[in-house]
Amino acid sequence: MAKRPEHSAPPEIFYNEDEAKKYSQNTRIIEIQEEMAERAYELLLLPEDESALVLDIGCGSGLSGSVLEENGHQWIGIDISQAMLDVASDREVEGDLILGDMGQGMCFKAGSFDGAISISAIQWLCNADKSNHVPQKRLYQFFTTLYACLTRNARAVFQFYPENAQQIDMITNQALRSGFYGGVVVDYPNSTKAKKYYLVLMTGGVQQQLPAGLGTEESNTEQISYSKKREMTKNIRGKDVKKSKDWIMHKKERRRQQGNETRLDSKYTGRKRSGRF
């Protein structure tokens, strides 16, 4: 079995100049990347009659950004590999490019983006490439900051290659802790080569049914409904008990990140009180 890329080296090292050139010269790689980007765009459900601003996470050489451009949308891309961004620049993509580590969070103003897309990137956060890397913490930092910079009613769609069921659970649980709801859509579940995983996350609004995966007449979504989110997160290790001081402090910090007016902390924060609040 071939060694997974994320087990070979950290992404900023693995995606060097030689590897980056494949994304501008290898027609098979380009075709696969564009197909996955088009499917992710379809799941994003952006309005067709107006231009949206989309964040492309792990944008690489800009192939997924080009799909957004072709559909009339603007985008900003972030990637940890300078070599990949250089290829995107050489391709003269229209999106703005930023060098950054998604595990350190998305440092954008609250409500900046109408959606987010990511192709073959999020599984890299499940690795501890440095001694100070804790996958769960990096995933949580990523999802909380992503949630803050998205508009309400926005979606984020991640195509990814999970190593096992435990990795899917780890990624999904951290997304739920951060305020998202949604689920995993699996395309062509009975095909070894064509099978693809898409994590579809939503920030709010009216709950929508996730679509069935391609290649099957029946729904193939491992959907996490909004009504079950609270029950599922109770079992997440390290999750703050609802209405506890830590829970309240976390909620208040999220509101501040979103730019909402929030009461100042005091010695009474989180204290049990009798009667109504």
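Residues numbered from 1 in each chain as written. Predicted model: local features only at pLDDT ≥ 70, side-chain atom pairs only at ≥ 80, totals over all residues. Heavy atoms only, no water.

Participant: Any details on the packing of aromatic side chains? Residues and values, ideally.
Facilitator: Applying the stated criterion across every chain yields a total of eight aromatic pairs. Consider the rings of F142 and F143, whose centres lie 5.1 Å apart with planes at 50°: the pair is tilted. Each member of the pair F142 and F143 is classed as buried. In textbook terms, an aromatic cluster arises when at least three aromatic residues are bridged by ring pairs, as seen for F142, F143, Y147, F158 and F180. In this arrangement the basic side chain of R152 is found over the ring face of Y147, its NZ or CZ atom lying 4.6 Å from the centre. The ring of Y140 has R177 sitting right over it, with the charged end atom 4.5 Å from the ring centre. (Phe/Tyr/Trp six-rings, centres within 6.5 Å; stacked < 30°, edge-to-face > 60°. Buried < 20%, exposed > 50% of the residue type's maximum accessible area, 1.4 Å probe, protein only. Lys NZ or Arg CZ within 6 Å of the ring centre and 35° of its normal.)

Participant: So what's going on with the pairing of strand β1 (residues 53-57)? Which residues, and what values?
Facilitator: Extensive coverage of β1 is indicated by the burial of four of its five residues. Relative to strand β2 (residues 74-79), β1 runs parallel, the two being bridged by five bridges. Its bridge partner lying in β2, L55 is registered against I76. Remark: the β1/helix α4 (residues 63-70)/β2 crossover connection has right-handed handedness. Note that β1 and strand β4 (residues 113-119) share four bridges and pair parallel. When the bridges of β4 are listed, I57 appears paired with S118. (Helix = DSSP H or I, 4+ residues; strand = E, 2+ residues; numbered from the N terminus. Pairing = 2+ DSSP bridges. Right-handed = clockwise from strand over helix to strand, strands pointing away.)

Participant: Requested: an account of the nonpolar core, with residues and values cited.
Facilitator: Membership of the largest hydrophobic core comes to 33 residues, with the highest contact counts inside it found for I57, I122, F142, F143, L146 and F158. Secondary-structure elements contributing two or more residues to this core are β1, β2, β4, α6 (135-149), β5 (150-160), α7 (165-177), β6 (181-187) and β7 (196-202). Top element by residues in this core is α6. It accounts for six residues. Each residue touching F142, except ones within four places of it in the same chain, is listed here: I57, M102, G105, M106, I122, L125 and F158. Judged by nonpolar contacts, the second largest core, of 25 residues, contains C59, A88, V157 and L210. (Core = buried A, V, L, I, M, F, W, Y, C linked by side-chain atoms within 4.5 Å. Contact = heavy atoms within 4.5 Å.)

Participant: Pulling in residues and values, what's your account of the state of the cysteines?
Facilitator: Evaluated as defined, the whole model comprises zero disulfides. Distance from the sulfur of C149, which forms no disulfide, to the nearest cysteine sulfur (C107) is 9.4 Å. Relative accessible area serves as the criterion here: at 0%, C149 is assigned to the buried category. (Disulfide = S-S within 2.5 Å.)

Participant: Quick one: what's the story with the pattern of salt bridges, residue by residue and with numbers?
Facilitator: By the definition in use, this model includes five salt bridges. One salt bridge in this structure joins E19 and K22, with 3.3 Å as the shortest N-O distance. Here E19 and its partner K22 are both found in helix α2 (residues 17-25), three residues apart, which amounts to about one turn of the helix. With a relative accessible area of 38%, K22 lands in the partly exposed category. A single salt-bridge network, built from bridges that share partners, covers R39, E42 and D187. (Salt bridge = Lys/Arg side-chain N within 4 Å of Asp/Glu carboxyl O.)

Participant: Which residues make up helix α5 (residues 82-90), and what are the values?
Facilitator: Among all positions in α5, only A83, M84, L85, V87 and A88 are buried. Positive backbone phi, approximately 55°, marks E92, located one or two places after α5.

Participant: Describe the side chain of D56, listing the residues and the values that go with them.
Facilitator: Take D56: it is sitting in strand β1. In terms of polar contacts, D56 uses its side chain to reach the backbone amide nitrogen of G65, at 3.4 Å. Those residues in contact with D56 that lie beyond four places of it in its chain are S64, G65, W75, I76, G77, I78 and I117. (Polar contact = N/O pair within 3.5 Å; in protein donor to acceptor, adjacent residues only side chain to side chain.)

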